[in-house]
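Overview (structure and organization)
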Amino acid sequence: MDSVRLDKYLWAIRVFKTRSDATDACNGNKVKIGGVNAKPSKAVKPGDVLEVRKGSALYSYRVLKLAENRMGAQLVPDFAEDLTPESERIKVFAPRETITMQRDRGAGRPTKRDRRQLDELMDAMEFD
C-alpha cells in the first residue's frame, strides 16, 4: 500500500467520527496537505503534514504510517503524530467558558423560542 485516500485516512486515525464527515470537511476546504486545499480522494503518503480546521482550532498531523481501517485510540500515535500546538487546543474550549446563561430560578424549561434564540447565539459565536 503506497497511498490511502485522505478522507479514509482521517476517519481511520479518528480525526472525524464518520467518513462522510471527513469528506464534507475536505469538500468545505477545511483540510490541507502541505498548505494546499485537498479533495477527499487526494492520496496521503507517509511524511505528509495534514492541517484540519475544526471550529476555531487548526489541528496538525504528520502521517507516520498508512491505515485504511479505523483503529482504537491507543493505536493512533503509531500512525499519526499530533503536531497541534497547545494554543490551538485552548481555542476549542474558549467560547464555552465565556458564555454564561442566567435563568431565573423557577422559570422552568426553555421554550422553543428561547431555544431558537440560544441556538442563534451559539451559531453566531462559531468562527468557521
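The structure under discussion appears in the preceding block.
Right, let's walk through the structure included here. Remember, it's a predicted structure, so these values are computed and weren't measured experimentally.

Of all hydrophobic cores here, the largest spans 27 residues; its most connected members are Leu 6, Tyr 9 and Leu 10. In this view, Tyr 9 contacts Val 4, Val 44, Leu 50, Val 63, Leu 64, Lys 65, Leu 66, Ala 67, Phe 79 and Ala 80; residues no more than four positions away in its chain are not counted.

Glancing now at helix α2 (residues 19-27). Taken residue by residue, α2 has Ala 22, Ala 25 and Cys 26 as its buried positions. The buried residues of α2 occupy an angular sector of 100° when the element is viewed end-on, so they sit on one face. Away from its buried face by more than 90 degrees, α2 exposes Asp 24 and Asn 27. Where α2 is buried, its residues touch α1 (6-12) and β2 (31-33). At the exit of α2 stands Asn 29, carrying a positive phi of roughly 60°.

Judged by pairing direction, the sheet is antiparallel, and its five strands sit side by side in the order β3-β2-β5-β6-β7 without closing on themselves. Looking at strand neighbours, the two that pair on one side only are β3 (36-37) and β7 (80-82), the edges of this open sheet. Both strand β6 (residues 57-63) and β7 contribute to a ladder of three bridges, which runs antiparallel. Looking at the pairing, Arg 62 lines up with Glu 81 of β7.

With that settled, consider the pairing of strand β5 (residues 49-54). Of the pairings in the sheet, the one linking β2 to β5 comprises three bridges and is antiparallel in character. Bridging from a neighbouring strand, Val 31 pairs with Val 52 of β5. Sheet topology places β5 next to β6; six bridges connect them, and they run antiparallel. Its bridge partner being in β6, Val 52 is matched across the sheet by Tyr 59. The antiparallel hairpin formed by β5 and β6 contains two residues in its connecting segment, where Gly 55 sits at a positive phi of about 70°.

Criteria and cut-off values
- Residues numbered from 1 in each chain as written.
- Predicted model: local features only at pLDDT ≥ 70, side-chain atom pairs only at ≥ 80, totals over all residues.
- Heavy atoms only, no water.
- Core = buried A, V, L, I, M, F, W, Y, C linked by side-chain atoms within 4.5 Å.
- Buried < 20%, exposed > 50% of the residue type's maximum accessible area, 1.4 Å probe, protein only.
- Contact = heavy atoms within 4.5 Å.
- Helix = DSSP H or I, 4+ residues; strand = E, 2+ residues; numbered from the N terminus.
- Arc of directions from axis to C-beta.
- Pairing = 2+ DSSP bridges.

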